Structures are given as structure tokens and as C-alpha cells.
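Coordinate analysis (summary)
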2 protein chains.
Amino acid sequence: MDQELSAQDLRDAWPALSSEERMEGFRALGAENAEVFLGALPASDRAKMLGAMKNGERKLWFRSLAPDDAADVIQQVPEGLRSSFLALLEDPFRREVQSLLAYAEDHAGGLMNPRFARLRPDMSAEDAILYVRKQANDKVETLYYGYVLDQGQHLLGVVSYRDLFTAPASSRIDSIMKTRIVTVPEQMDQEAVARLMADHNLKAVPVLDDQGHMRGIVTIDDIVDVVQREATEDIHKLGGMEALDTPYLQTGLGQMVRKRAGWLAALFLGEMLTASAMSHYENEIARAVVLALFVPLITSSGGNSGSQATSLIIRAMALGEVTIRDWWRILHREIRSGLLLGLILAAIGMVRILLWQALFHTYGQHYFRVALSVSISLVGIVTWGTIAGSMLPFVIRRLGFDPASASAPFVATLVDVSGLLIYFNVAQAMLRGTLL
Amino acid sequence: MDQELSAQDLRDAWPALSSEERMEGFRALGAENAEVFLGALPASDRAKMLGAMKNGERKLWFRSLAPDDAADVIQQVPEGLRSSFLALLEDPFRREVQSLLAYAEDHAGGLMNPRFARLRPDMSAEDAILYVRKQANDKVETLYYGYVLDQGQHLLGVVSYRDLFTAPASSRIDSIMKTRIVTVPEQMDQEAVARLMADHNLKAVPVLDDQGHMRGIVTIDDIVDVVQREATEDIHKLGGMEALDTPYLQTGLGQMVRKRAGWLAALFLGEMLTASAMSHYENEIARAVVLALFVPLITSSGGNSGSQATSLIIRAMALGEVTIRDWWRILHREIRSGLLLGLILAAIGMVRILLWQALFHTYGQHYFRVALSVSISLVGIVTWGTIAGSMLPFVIRRLGFDPASASAPFVATLVDVSGLLIYFNVAQAMLRGTLL
């Protein structure tokens, strides 16, 4: 075992360290470890580290990055510093980075690596192998496919290394390449790229510009990050807040509260409608206080069933299992699910009220009508919660927003008001002439 | 464009097709397309397709799978059919599959591919390249690293292709290999493997058994599936249900209701405590019906703030940003966040009640004390919801369960009862001698 600080130690301590301690720790890593460590940091941290370095050190490390990582760093540093970062690079590296900067970060173009193995159609397999070996000099640890381009950089075909290595040495590349190729346009959203690669079991996919020139490849290891980030974003939104841009422990209190307060306040304003709805039934509550006892139970059941439905649909949408065209089929399924779930809760509710009545005489003379009011309302509210929860993501997507904004708390708030209306109307019908 | 059914068309239609239509569609694909299509199907669908084929066809397609995919299929078919599937394979493929079947599906061993490029330490770089070419004959489209093993299959080092291709032809492999290697044990959980690979920026990681023999590699493309599956599981659990094993549209109504009814009923039983809590304050409600009006507003604010906190913490845990040791730091942060958020809602609530009073005289003579009761309760409830939501995942993990079971609805249910106690106690203190 050697005495260097291990990258793992530094990673474990990282969130708790000050900027100075981070820099100290980074410098204590061996050169090889440090390069890997820097490459694995989130782009925002990498930019901060580089920003804090002196010029010579910064140049050294900045040049060690892959072009797409370097471009990410530049996107993270303040506007005024960007050109000074670019000036650290030499051509053709600088030009690669500059062209990557033109892309939106969450498009295929912003995700791609402009370095890939280029082959010509008239090469022999033998020459191609030599040529790949020559190209393997920089930042290519893993070999994906060889891409066959014409003089105008149009993609003609793809050769897998299996085919390249097993073909007779003299066979021409255009005789062994595959010509039916899955490609993506530069502007394709990264989630769509991730889905496409999963569907076709691809480890790398070529990115073409509008004129059909090949500009780079998106590789499967970039997709892992995309998938993690998108899931994080969806989970934060489903929890009823804006997604954080940074890891939890690295997010300042002020930013944390801002990301949460907006939705919390919006939901609070929406939920105030329940106070209005309740005051509409103030007389009923005054005459039959027993009705008020079940209000939290009723509203939460609607919210919980809605939360289930919305989580299911949002995840199915994110995975591409469900598209907007499926809404009608899903509505049918969810109505049946909601009815069944509502009947189950209604039965439990009925048993609970009758049992408590037998044991403690809690609910007065008209307990059976009260129990019926609660049970019938539950069927209606759970069914409605399920419908609202499953359809809200479709409505939000149709309006052009991210369906994950149909958070569990959002659905619960929607369902609460309507749940109260259902409950008090059922109760009015059931208890007229007795309690009301 | 050729006339074959495209794999994309079939994929789009897939969820809506019957088993017969699926088979028909699959047979209409060209052979090459069909192989890719089969490889990209979820293991359960692949097993169903193969199960429905005649023996000759089944043998053909089953043999076309990678060993880890074939093992997944066998795990999906009914117990009684497994040996007949294994019998379709020839050695050494069968032995590879059999040894994979010994592993749990969600461990590194169950995820790994037993085929990787093996090198010897005393080879020259030139020989190694030739040797890799020879090994590239089956199922190796993408080249990850070359693994240097001794006679006893112990891992001595790793060579990247960049280093292999750029080294002088005569240099010995043990002079160019890296010897500080990140490896994983066979039993490591797949989520931990995913995190490790992300931390070290690895595209493949070697899997070692207890004796230090190298058994296979886990590659980054398998990790994409792991990451997607784990995120789906967490999102379903966060929504307050058991995770589905199959895509939404392919899950039968019965199974769907079972996965949802358990938690929904449990939460319903828990929520019944609110009815008990409310009946404890029945006299107060009878005397001051105005108190009942704000019950849904109060309880939902606690639930929403808890939902935010629990989503944040569960995701941070899943990403390894937060471990169980951090609970104390997080408690501190969340208390401060909760207080701030509570104060914001309290201010909004106060304005709303005073405004409605000025406009509609809704809340009677003692409206200011009512407003104070609501606002003070909100600070307490939002703070408490935030604390409960952030700490529940730690408690659940400490008890040995999946922290994602600390779903938003679970937290909301927990917080509802305590929220009512806070509210009515604050109201008793504020309204004593006036309304109560």
C-alpha cells in the first residue's frame, strides 16, 4: 500500500471540506489519481477547482480534460472568465471545445465527444486496424465502433471491432461495414437519446448535423449521468419542489429554501380553497360535529391514491413506456383500479366505525348513516384521486410543461377540495332528516 | 428504404400487442434486426417470447444471446422449464450460464459478463493486440480493457487500449499495465457497483471471487439498466406503493391493485388516528366551528413540507451523497429550513385570514386570535413535517429496510396526527377565555 491520499478518502470527505481543504486534498493525490478524480467530479465542482488555481496549474489540468468535459467547465465559469479559459487551450483542442459550446447542454450535441475512430470506405481491414491504433493516442481508453466517412464527413457505415478484427486482413471496409445505422440529430434531447440507446442496445451513437455530417458520438457512459440526473430531477419535482442543481449537502440554506418555498407557498394558496369549501359547510359541521372528525381521513385517502397514480404515470412517461396518445387507455385502467381501491378502503372504514361504535359508542345514535357517508365518500374520492393523479401528467405535458411537475403534493391539493365537496354532499344526502 | 418491418415500429406497438401478434411481428423483422430487438427486450418479455417458440427456433435465438442475458431468461422461466432451456446450449456456453445462475440477480456476480479480454503479463504489446483480435470473435463489439491474469486467474493488472496501442510493439504487458485497480466482490450490491463506477469514471470493472480469482466484468451499459430500474423502484415507493416489476401498461389490473392496496390500506389505518385525535377535540370544535375550517390546510402543509424533505433525502441517499452518519448535520439544516418555510407560510396564512375578514367578515369577532392560532401552528407543523420527513429515511434504513419506503404519503400520515395535536393545543392556548 502506498502512502498517497487515496481518491476514495478524498471523495468521502469532499462534501464536508472547505474550498481550501479541497484544493489541498486534490494536490495531495498522485498525478494519475488526480486526473481521474478531476474527471469524475461534477462539472460545477470541477469549474470551482480550476477557477481557484494559479494559471500554470490550471492550464495543466484543464488540458487534461476530454473536450466535452472542458466545454462543461467553461459553461460553469462566470461569463467574463470564459475567454481566459479558452485561451489556455491550443488548436485543434480549442476549436473542438468552441464548437461544443454552441450546443445546449441537454442536447445530443452538448453531450457528444467529437473524438471518434474515423475510417475510409476503401481501406482494408488491416489498414483500418493500424489506423485505429494511430488514432487511439488521446482520450480513447475504450473503443466503441469505427465510423466510415466519405470525404465530406458524411457517415457511410459503422464497423464493430468484432467485425474489424475477425474480417480477413485484405477485405475492404465497405464490404464489412453495416449501413443501417441508428443516428441522432444534434438537437435531440438527452432523455430521448438515452431511450434510443437503451431500445437499440447501443454503446455509442453517432451525432449528425442538419447536413448529415458526423459531428461526434454520444457514448453509453455519458448516458449513465443523464439517467441519474433526470431521475433526481423527477424525484425532487415529485416531492413537490424545484429540482436542486447541486448535491444536497452542497446546496446552501438560502438556495434550498428558495427551491422549496415557491411550490410550498403555491400549494398553500391552493389548499386555502379547502378553508373556503369547509366554511361553505359550516352549518352542517355545527349541527353534526362528527362529520368534521373524518375530514383528514377523507382528504388524505384521495391524496394518497392520487400520489400513487401520478408517480406511476410520470415514471412510465420518463421511460417512454407511455406516451400522450395512451391517455384514454390509462384512464380506463385507472378508473377500474380506483374503484377497486376505493371499495377496499370503504370496507375498512365501515368496519372501523362500527367497531369503535360497539366498543366506545363514539359516533352517537346515527352512527350507521355516518359510517355509510364515510364509506360511500371514500369510493368516490379514491376513484377521483386516482383519475386526477393519472391524468394530470398528461394535461401538464399537453400544456408544454414537464409532467413531473404533477407532484404528489400538487395532486393531493387538487383532490382535497373536490374530496371535501364529495364528502359533504354525500353526508347531506345520507343524514338529511336525522343529523342534518 | 427497405420493406422490412422496422424494429422501431414493433417497439412502438409492443405494449398494445397480444402474444401472438408479438411473435408475428418478431418473425417479420430481418434476422439482424431481430437479434438486436431480442437483446433489448426486458428479460421477462424475452423469456415469454422464447417460451412460446418451437424448439428449433428457440434454440437458434437462445444461443444468440450473451451469457448474462441467457442467464436472466432462465431466471424468468418457470422452475420446471429451466433444465430444458439449459439443454439447448452447448459447452462452454452452458457452463458460463450455469455459473451465472448461482448469483443473486442484483449482485455484481449476477450482472457481470464472464467474457473479457485476458492477457498474460509476459506478452509483448504486439502479441497482446493479436491475442485480443483472436478473442474478439464472439459477443465483443466494444472493447473495454485488457485484463492481465496469472496462471491461477488472479488479476495482476489492467491495460487500456490506448496504452496497448500506443506502447512500443516489443514492450512487455507487465511494464505497461496499471496495477492499482478498482475491483468489486461478487456479492456487491448493484447500486454500490453503479456508484463506484461513477465515482471512478470507469467503463468496466472486474469482479473477483473470495479467493481473488477474476470472474467477469460489469460494463457501464449494464449500469444504465440498473440505474433506471433503481430509480423506477424509488419513484414507485416514494409514491406510496410497492414497486411494479413490469412496465405500467404490461401490468395486469389484479397485480396493479395488489401493489397499491397494501400501502393504501396501511396508510388509511394510520390516518384513522386523525379521527381519534379529532374526536378528542370534539367539544372545542363544537364551540368554535371556525377551527375545523383550517384543518385540511394545516395538515396538508405539514404533509407537503415532509414530502419535500423525504424526497430530497432519499434521493441523496440513493446517489451516495448522504450516508447514515450525516443524520445529525441534516437534522440541523432541516430544522433551519423548516423554520424558514414555516414562517413564510405563516405570513401568507395571516394575510389571507385578515384579508378575508376585511372583505367578507368570515371569521367572527375573535378573528385575530384565530389567525394567530393558524399562523403559530403553521410554523410548528411545517418545522415538524420537515424534521419528520428528513429523519424518517434514516430511521427506516437503521431498521434495515429500504429508505425509499419513507414515502411522501407515509410521512404525510405521520405528520397529520401530530399536526392536529399542535394545532388544537395552540388554539386552546390562544382562544381560552374567548371562543373556548
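Quick look at the structure, then. (Residues numbered from 1 in each chain as written. Chains lettered and ligands numbered in written order. Predicted model: local features only at pLDDT ≥ 70, side-chain atom pairs only at ≥ 80, totals over all residues. Heavy atoms only, no water.)

1. Focus: the sheet that holds strand 5 (residues 204-208) of chain A
Residue and element names in this part refer to chain A. Taken in spatial order, the 3 strands line up as 4-5-6 in an open sheet, and their pairing is mixed. In this open sheet, the two strands that pair with only one neighbour each are strand 4 (184-185) and strand 6 (214-219). The sheet contact formed by strand 5 and strand 6 spans 5 bridges and is antiparallel. Within strand 6, the residue paired with valine 205 across the bridge is valine 218. (Pairing = 2+ DSSP bridges. Helix = DSSP H or I, 4+ residues; strand = E, 2+ residues; numbered from the N terminus.)

2. Concerning the relation of the copies chain A and chain B
Mapping chain A onto chain B calls for a rotation angle of 180° and an axial translation of 0.0 Å; the resulting RMSD is 0.1 Å. The relationship between the two copies is best expressed as a two-fold rotation axis. Taken together, the interface assignments show that 98% of the residues at the interface of chain A recur at the interface of chain B, consistent with an identical surface on both copies. (Least-squares fit on C-alpha atoms with pLDDT ≥ 70 in both. Contact = heavy atoms within 4.5 Å.)

3. Let's talk about the environment of A:Ala408
Residues and elements named next belong to chain A. Within the secondary structure, alanine 408 is located in helix 21 (residues 408-431). Judged by its relative accessible area of 9%, alanine 408 falls in the buried class. Put simply, alanine 408 and glycine 389 are 19 residues apart on the chain and 8.0 Å apart in space, counted from C-alpha to C-alpha. Beyond its immediate sequence surroundings of up to four residues, alanine 408 is in contact with Leu238, Ser307 and Thr310. (Buried < 20%, exposed > 50% of the residue type's maximum accessible area, 1.4 Å probe, protein only.)

4. Focus on a nonpolar patch on the surface
All names here are of chain A. Taken together, the side chains of Val351, Leu355, Leu359 and Phe360 present a nonpolar region at the surface, about 400 Å² in accessible area. Examined against the element boundaries, leucine 359 turns out to sit in helix 19 (residues 327-360). Judged by relative accessible area, which is 52%, leucine 359 ranks as exposed. (Patch = residues over 30% accessible without salt bridge, like charges linked within 9 Å, V, L, I, M, F, W, Y side chains within 5 Å. Areas by Shrake-Rupley, 256 points an atom, 1.4 Å probe, with all protein chains shown as cover. Salt bridge = Lys/Arg side-chain N within 4 Å of Asp/Glu carboxyl O.)

5. So, the pattern of salt bridges
By the definition in use, this model includes 32 salt bridges over all chains. For B:Arg115, the salt bridge identified is with B:Glu96, shortest N-O distance 2.9 Å. With a gap of 19 residues between them, B:Arg115 in the loop between helix 9 (108-111) and strand 1 (117-119) and B:Glu96 in helix 8 (residues 93-101) connect regions that are remote in the sequence. Here the salt bridges share partners, and the residues they tie into one network are A:Glu233, A:Lys237 and A:Asp402.

6. A closer look at the pairing of strand 6 (residues 214-219) of chain B
The element strand 6 of chain B is extensively covered by neighbouring structure, given that 5 of its 6 residues are classed as buried. Counting the residues that bridge the hairpin from strand 5 (residues 204-208) of chain B to strand 6 of chain B gives 5 residues, and of these B:Gly212 lies at a positive phi of roughly 85°.

7. So, unusual backbone geometry
With a phi angle near 65°, A:Gln153 is a residue other than glycine that sits in the positive phi range. As for its position among the elements, A:Gln153 is in the loop between strand 2 (145-149) and strand 3 (155-160).

8. Some thoughts on the sheet that holds strand 2 (residues 145-149) of chain B
Residue and element names in this part refer to chain B. Read across the sheet, 3 strands follow the order 1-2-3 without closing on themselves; strand pairing throughout is mixed. Edge positions in the open sheet fall to strand 1 and strand 3 (155-160), since each of these has one partner strand only. Taken pair by pair, the neighbouring strands of this sheet meet at an average axis angle of 35°, ignoring direction. With 5 bridges joining them, strand 2 and strand 3 adopt antiparallel strand pairing. When the bridges of strand 3 are listed, tyrosine 147 appears paired with valine 158. (Axes fitted to C-alpha atoms, helices over the stretch in contact; angles between N-to-C directions.)

9. Thoughts on the packing of helix 15 (residues 253-280) of chain A against helix 21 of chain A
All names here are of chain A. In contact at an axis separation of 9 Å, helix 15 and helix 21 are set at 0° when each is read in the N-to-C sense. Taken together, the axes of helix 15 and helix 21 are roughly parallel relative to one another. Mapping the contact onto sequence places Trp263, Leu267, Gly270, Glu271, Leu273, Thr274, Ala277 and Met278 in helix 15 and Pro409, Phe410, Thr413, Asp416, Val417, Leu420, Leu421 and Phe424 in helix 21. Here the contact of helix 15 with helix 21 is built from residues that sort into 11 nonpolar, 3 polar and 2 charged. (Parallel < 35°, antiparallel > 145°, perpendicular 65-115°, else oblique. Nonpolar A, V, L, I, M, F, W, Y, C, P; charged D, E, K, R; others polar.)

10. Regarding the environment of B:Gly349
With respect to the helices and strands, the residue B:Gly349 is situated in helix 19 (residues 327-360). Expressed as a C-alpha distance, the spacing of B:Gly349 and B:Val257, which sit 92 residues apart in the sequence, is 38 Å. Leave out the neighbours within four places in its chain, and B:Gly349 touches A:Phe268, A:Met272 and B:Ser375.

Shape descriptors only; they carry no functional weight alone.
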